[in-house]
Amino acid sequence: MQALLTAIAQMPLPTDACRIFHGRGGLHPGCEHWVLDAFPPVFVLTSFAPATESTERELSAIGAALAARWEQLAPGQPLNWVFQCRDGQLRTQGLTETRLMAGSVPDPHVVTEQGAQFRVHVLKGQNHGLFLDMAEGRRWVREYAAARSGGRYGLKVLNLFAYTCAFSVVALQAGAKHVVNVDMGRGAIAIGQQNHQLNGLTGRASFLAHDIFSTWGKITRGGPYGLVIVDPPSYQKGSFVATKDYARLMRRLPDLLAPGGHALLCLNAPELGVDFLQDQMRELVPELALVERVPNPAVFADVSPQKALKVLAYQAPL
């Protein structure tokens, strides 16, 4: 646990939402089950191991370290932190144990990233409304949209598996003309609409709370798109299984992309390496060229890059 305590002792004052410590990357032996995130003004500590007799002692030590560092960073300000246990048995049942350990959580809870605002919910569920490991992917989209905002026709973006529409927010902030957001989760799409309102972005985004595989007609009619973002869950029973369904998405890309347009393919499945995406793209849509693998935030460094989040950019022929 010492690596986590050291990270706490050395952390700067977090202003944007970010990861503080990433034990899951395997670079800190003995800390593989610990993750610490900042969703200012709240810290969220997550354990991916079952609770044991020593858990409460560890939580006490971590809480003391957070309190000591917080007193240095923000003297006199209350420390707010949440603990969530996500051991394997709980995760398979879609359950978590979440506890408010100190302070309070704002309601509504709004965080920032690169000047954008997002609603989050850290006291319920396994996903908090903003995936922190995708920060560099959002930066890539922001820069891509900004570079094309002055075009004659403007950039049209298709955001598949949009979740709470963070990609849409940054694309529109950077000057995209229109973004189509598609996700079958009505609750997530509703938060996505709130995120657009938070950032003063109205009228340039549409929101489709539909199953993507039964909405292709409407999606295709809205194109062609200068950028297609594909960020599906790796496994969601009854909705999407990467090993069989990602290929169905890839086959659609040539009909969705404008000449010279880009596709951003994302996959967060430790059991599937980057070759899973590259090999299928070469076989199914060889006309699209691999441009780059977008790096993950440095704090998410992994002993095995193949297991980490994969974000690949492809370009359609002109």
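As the structure is a prediction and not an experimental result, all values here were calculated from the model. (Residues numbered from 1 in each chain as written. Predicted model: local features only at pLDDT ≥ 70, side-chain atom pairs only at ≥ 80, totals over all residues. Heavy atoms only, no water.)

## Regarding the confidence of the model for the protein
Inference 1: On average, residues of the protein score 93 in pLDDT, and 96% of them reach the 70 mark or higher.
Inference 2: In this model, residues 90–95 is a region of pLDDT below 50 whose contacts with residues beyond four sequence positions or in other chains number 8 contacts. (pLDDT = per-residue confidence, 0-100. Contact = heavy atoms within 4.5 Å.)

## Concerning the environment of leucine 5
Inference 1: Turning to its location among the elements, leucine 5 is positioned in helix H1 (residues 2–10).
Inference 2: Look at leucine 5 and you get buried, because its relative accessible area is 19%.
Inference 3: The spacing of leucine 5 and alanine 61 is 56 residues in sequence and 8.3 Å in space, taken between C-alpha atoms.
Inference 4: In contact with leucine 5, other than residues within four places in its own chain, are Ala61, Ile62 and Ala65. (Helix = DSSP H or I, 4+ residues; strand = E, 2+ residues; numbered from the N terminus. Buried < 20%, exposed > 50% of the residue type's maximum accessible area, 1.4 Å probe, protein only.)

## Considering the side chain of asparagine 159
Inference 1: Summarising the element assignment, asparagine 159 is placed in strand E8 (residues 156–160).
Inference 2: Residues in contact with asparagine 159, not counting those within four places in the same chain, are Cys165, Phe167, Ser168, Val179, Val180, Asn181, Val182 and Ile229.

## Remarks on the sheet that holds strand E2 (residues 34–39)
Strands belonging to one sheet form pairs held by backbone hydrogen bonds; the direction of such a pair is parallel or antiparallel.
Inference 1: Taken in spatial order, the 5 strands of this open sheet run E1-E2-E3-E4-E5, and their pairing is mixed. Of all the strands in the sheet, just strand E1 (18–22) and strand E5 (97–102) have a single pairing partner and so form its edges. On average, each strand axis in the sheet is tilted by 20 degrees relative to the strand beside it, whichever way the strands run.
Inference 2: Where strand E3 (residues 42–47) lies against strand E4 (residues 81–85), 5 bridges are found, and the strand directions are parallel. Following the sheet pairing, threonine 46 is matched in E4 by glutamine 84. (Pairing = 2+ DSSP bridges. Axes fitted to C-alpha atoms, helices over the stretch in contact; angles between N-to-C directions.)

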